[in-house]
Amino acid sequence: MRIVVLAGGIGGARFLRGLKLAAPDADITVIGNTGDDIHLFGLKVCPDLDTVMYTLGGGINEEQGWGRTDETFKVKEELAAYGVGPEWFGLGDRDFATHIVRTQMLAAGFPLSAVTQALCERWQPGVRLIPMSDDRVETHVAVDVDGERRAVHFQEYWVGMRASVDAQAVVPVGAEQAKPAPGVLEAIAEADVVLFPPSNPVVSVGTILAVPGIREAIAEAGVPVVGLSPIVGDAPVRGMADKVLAAVGVEATAAAVAEHYGSGLLDGWLVDTVDAGVVERVETAGIRCRAVPLMMTDPEVGTAAADMARAALALAEEVRGA
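In this report, the structure presented in the accompanying data block is examined. (Residues numbered from 1 in each chain as written. Predicted model: local features only at pLDDT ≥ 70, side-chain atom pairs only at ≥ 80, totals over all residues. Heavy atoms only, no water.)

Here we come to the overall build of the protein chain. Counting secondary structure elements, the protein chain contains 13 helices and 14 strands. Relative to the 2.2 N^0.38 estimate, which gives 20 Å for 322 residues, the radius of gyration of the protein chain is 19 Å and therefore close to what a compact globule would have. Judged by the C-alpha coordinates and their principal axes, the protein chain covers about 60 × 50 × 40 Å. A burial count over the protein chain gives 55% of its 322 residues as buried. Long-range pairs, those at least 24 residues apart, make up 69% of the contacts in the protein chain between residues at least 6 apart in sequence. In the structure as shown, the protein chain presents an accessible area of about 13,500 Å², 50% of it carried by carbon and sulfur atoms. For the protein chain, the distance from the average position of its 25 positive side-chain charges to the average position of its 44 negative side-chain charges is 3 Å. (Helix = DSSP H or I, 4+ residues; strand = E, 2+ residues; numbered from the N terminus. Rg over C-alpha atoms; globule rule 2.2 N^0.38 Å. Buried < 20%, exposed > 50% of the residue type's maximum accessible area, 1.4 Å probe, protein only. Contact = heavy atoms within 4.5 Å. Areas by Shrake-Rupley, 256 points an atom, 1.4 Å probe, with all protein chains shown as cover. Lys, Arg positive; Asp, Glu negative; His and termini not counted. Charge placed at Lys NZ, Arg CZ, Asp CG, Glu CD.)

Encoded structure:
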């Protein structure tokens, strides 16, 4: 079985760990979000790609869900002593090494997709990890601060500001001019199923879909497309997805997110059992829906995520046989 997964950071990475347990013989291609990418300290940082790589490769800080395990922060401390910021973004010493290697390879002329493949040679994540695009795409958020509207990088909004103010707009800068990275469209065309994990539907999966050609390729692939709700009981499972959903006019509910993706893209949608009451609404929108447990209660093991993945694959087969 050939599975394509559109993945953001923590939620997507932990779901992928479960998917590998649920379908150990599957050929899994992960199209990773690069809208969170940012240049810091002269280095190219790719948070979502690295979170997937570290999680599946056994190097992730399990408690945080991001960054390296057994991390130290001597370089960050020294930079702060020189007055060099930003201090709100916590790059550790081990993590710095990854970004240095990536930046050196990019400067030597290698595209991000080739760099990602090279980095994965060390981590052996057990999936094919491809950035959504080799072109630069950065998600920016419009906010009102002290009566003035300004645009900030998504990382500053999410990490630095902790989404403490309402997002007025979310813009994947550069997405309209970007092209899918080599292998992205081919993987979609050859897939047996496409999965949207419980990643942020606006700034993770939504940013991937904003790259011209990707949404169209998925819609036209002719294979089941199944998503898992990142909203449980009208609240994000993790993070502050409600803030960016509001910016694009979508309620923070499992049904509204399914409708946001739409029946032209989604064939199946999984909601948590606490949201079983919305199944009929989602199915009325033309999307087959089932209610199953969606809380990854044992992220370091992945058993709960494996059950979620099995439910997603089962729904895909149900859709295929309809």
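Time to look at the nonpolar core. Membership of the largest hydrophobic core comes to 57 residues, with the highest contact counts inside it found for L6, Y157, F196, I218 and W269. Looking at this core element by element, the count peaks at 6 residues for helix α11 (residues 254-261). For I218, the residues in contact, after removing those within four places along its chain, are L6, I188, V194, F196, L209, V225 and L265. (Core = buried A, V, L, I, M, F, W, Y, C linked by side-chain atoms within 4.5 Å.)

Okay, the packing of helix α2 (residues 47-57) against helix α5 (residues 112-123) next. Orientation of α2 relative to α5, taken along the N-to-C sense of each, is 20°, at an axis distance of 10 Å. Judged by the angle between their axes, α2 and α5 are roughly parallel. Here the hand of the crossing between α2 and α5 comes out right-handed. Along the contact surface, α2 presents L49, M53, Y54 and G57, while α5 presents L112, T116, L119, C120 and W123. (Axes fitted to C-alpha atoms, helices over the stretch in contact; angles between N-to-C directions. Parallel < 35°, antiparallel > 145°, perpendicular 65-115°, else oblique. Left-handed = near helix turned anticlockwise from the far one by under 90°.)

What follows concerns the packing of α2 against helix α4 (residues 93-107). The axes of two packed helices give the description: the angle between them and the distance between them. Where α2 meets α4, the closest approach of the two axes is 12 Å, and the angle between their N-to-C directions is 120°. It follows that α2 is oblique to α4 by the angle criterion. At the point where α2 passes α4, the crossing takes the right-handed sense. When α2 is examined against α4, the residues D50, M53 and Y54 are found in contact with a partner set consisting of D95, T98, H99 and R102. Its residues assigned to classes, the contact of α2 with α4 shows 2 nonpolar, 2 polar and 3 charged. (Nonpolar A, V, L, I, M, F, W, Y, C, P; charged D, E, K, R; others polar.)

Helical geometry: 3.6 residues make up each α-helical turn, so side chains three or four residues apart lie on a common side. Look at helix α13 (residues 303-321): 27 Å from first C-alpha to last across 19 residues, which is about the 27 Å you get at 1.5 Å a residue. Residues A304, A305, A306, M308, A309, A311, A312, L313, L315, A316 and V319 constitute the buried set of α13. Those residues of α13 hidden inside the fold are in contact with β1 (2-7), α1 (10-22), β9 (193-196), β10 (225-228), β13 (268-271) and β14 (288-291). (Expected span 1.5 Å × (residues − 1).)

Here the focus is unusual backbone geometry. Cis geometry marks the peptide bond from G85 to P86; its omega dihedral reads 5°. Following the sequence through the fold, P86 ends up in the loop between α3 (74-81) and α4. Located in the positive-phi region is D146, a residue other than glycine, with phi close to 55°. Position of D146 among the secondary structure elements: in the loop between β6 (138-145) and β7 (148-153). For D146, a relative accessible area of 79% gives the class exposed. In this model, A163 sits at a positive phi of 50°, which is unusual for a non-glycine residue. On the secondary structure map, A163 appears in the loop between α6 (154-160) and β8 (167-173). According to the relative accessible area criterion, A163 is buried, its value standing at 3%.

Here we take up the sheet that holds β8. Judged by pairing direction, the sheet is antiparallel, and its 3 strands sit side by side in the order β7-β6-β8 without closing on themselves. Bordering the open sheet on either side are β7 and β8, each of which pairs with just one other strand. Each strand of the sheet is rotated relative to its neighbour by a mean of 25°, with strand direction disregarded. Bridge count between β6 and β8: 6 bridges; the pairing is antiparallel. Note on β8: the bridge partner recorded for T139 is P172. (Pairing = 2+ DSSP bridges.)

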